[in-house]
Amino acid sequence: QVQLVESGGGLVQPGGSLRLSCAASGIMYSINVMGWYRQAPGKERELVAIIRSGGSTNYGDSVKGRFTISRGNANNTVYLQMNSPRPEDTAVYFCLVIAGRKSYQYWGQGTQVTVSS
């Protein structure tokens, strides 16, 4: 059974920092991409950051220079370091894994991040 376990969400003050983690298990295929998307109330889900198996990354324009994505040594864990968060970063953050030759997509349940003083 595939599981994506997200952790690290919560309340953070503007200008603070927060780190999200996502651990994947039960995926039978080679993981090609891991990453994070987010969805704020009334808005569409949008890219935050992804990291490929080779280490290359992509970031959403609104988080470039503030957030950093990385993978754990076991390559089944992905982290999102959120520095200098802003109130507009408030959203539910979803972990994404893309695996196998057919690019199967697996989504986590989401973790709430609220940026507020």
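No experiment lies behind these values; they were computed from the predicted model shown.

What counts and what doesn't
Residues numbered from 1 in each chain as written. Predicted model: local features only at pLDDT ≥ 70, side-chain atom pairs only at ≥ 80, totals over all residues. Heavy atoms only, no water. Phe/Tyr/Trp six-rings, centres within 6.5 Å; stacked < 30°, edge-to-face > 60°. Helix = DSSP H or I, 4+ residues; strand = E, 2+ residues; numbered from the N terminus. Buried < 20%, exposed > 50% of the residue type's maximum accessible area, 1.4 Å probe, protein only. Lys NZ or Arg CZ within 6 Å of the ring centre and 35° of its normal. Contact = heavy atoms within 4.5 Å. Salt bridge = Lys/Arg side-chain N within 4 Å of Asp/Glu carboxyl O. Disulfide = S-S within 2.5 Å.

> Tell me about the packing of aromatic side chains, and name the residues and values.
In this structure the tally under the stated criterion is 2 aromatic pairs. Arranged with centres 4.9 Å apart and planes meeting at 25°, the rings of Tyr29 and Tyr104 form a pair that is stacked. Of this pair, Tyr29 sits in the loop between β3 (17-25) and β4 (31-39) while Tyr104 sits in strand β10 (residues 104-107); the two residues are 75 residues apart in sequence, bridging distant segments of the chain. Summarising the aromatic geometry, the rings of Tyr37 and Trp107 are spaced 5.5 Å apart at their centres and angled 75° between planes, so their arrangement reads as edge-to-face. Pair noted here: Tyr37 is in strand β4 and Trp107 is in strand β10, with a separation of 70 residues, a long-range link. Assessed through its relative accessible area of 23%, Tyr37 is described here as partly exposed. Under the relative-accessibility criterion, Trp107 is labelled partly exposed at 33%. Its end group placed over the ring of Tyr79, Arg19 keeps NZ or CZ at 4.2 Å from the ring centre. Across the ring face of Phe94, the terminal group of Arg45 is positioned such that the distance to the ring centre comes to 3.8 Å.

> Give me the lowdown on the environment of Ile31, citing residues and values where you can.
Assignment of secondary structure puts Ile31 in strand β4. Taking the C-alpha atoms as reference points, Ile31 and Asn76, 45 residues apart in sequence, are found 7.7 Å from one another. Not counting residues within four places of it along the chain, the set of residues in contact with Ile31 comprises Ser53, Arg71, Asn75, Asn76, Val97, Ile98 and Ala99.

> Break down the pattern of salt bridges for me, citing the residues and quoting the values.
As a working rule, side chains carrying opposite charge can pair if their charged atoms are close by. Under the counting rule described, the total for this entry stands at 4 salt bridges. Residue Asp61 pairs with Lys64 through a salt bridge whose shortest N-O separation is 3.1 Å. Measuring nitrogen to oxygen at the nearest pair gives 2.7 Å for the salt bridge that ties Arg66 to Asp89. Of this pair, Arg66 sits in the loop between β6 (57-59) and β7 (67-71) while Asp89 sits in the loop between β8 (77-83) and β9 (91-99), and the two are 23 residues apart along the sequence. Here Arg66 matches Asp89 in class, with each residue buried.

> Residue-level account of the state of the cysteines, with values.
Counted by the stated rule, this structure contains 1 disulfide. Disulfide partner of Cys22: Cys95, at an S-S distance of 2.1 Å. Taking the sign of the S-S torsion, -85° for the link of Cys22 and Cys95, the bridge is left-handed. Pair noted here: Cys22 is in strand β3 and Cys95 is in strand β9, with a separation of 73 residues, a long-range link. Residues Cys22 and Cys95 agree in their burial class; the two are buried.

> Account for the environment of Val48, with residues named and values stated.
Tracing the sequence through the fold places Val48 in strand β5 (residues 46-52). Since its relative accessible area comes to 0%, Val48 is described here as buried. A sequence separation of 12 residues divides Val48 from Gly60, and the C-alpha atoms of the two residues are 4.9 Å apart.

Read these as spatial facts, not as claims about activity.
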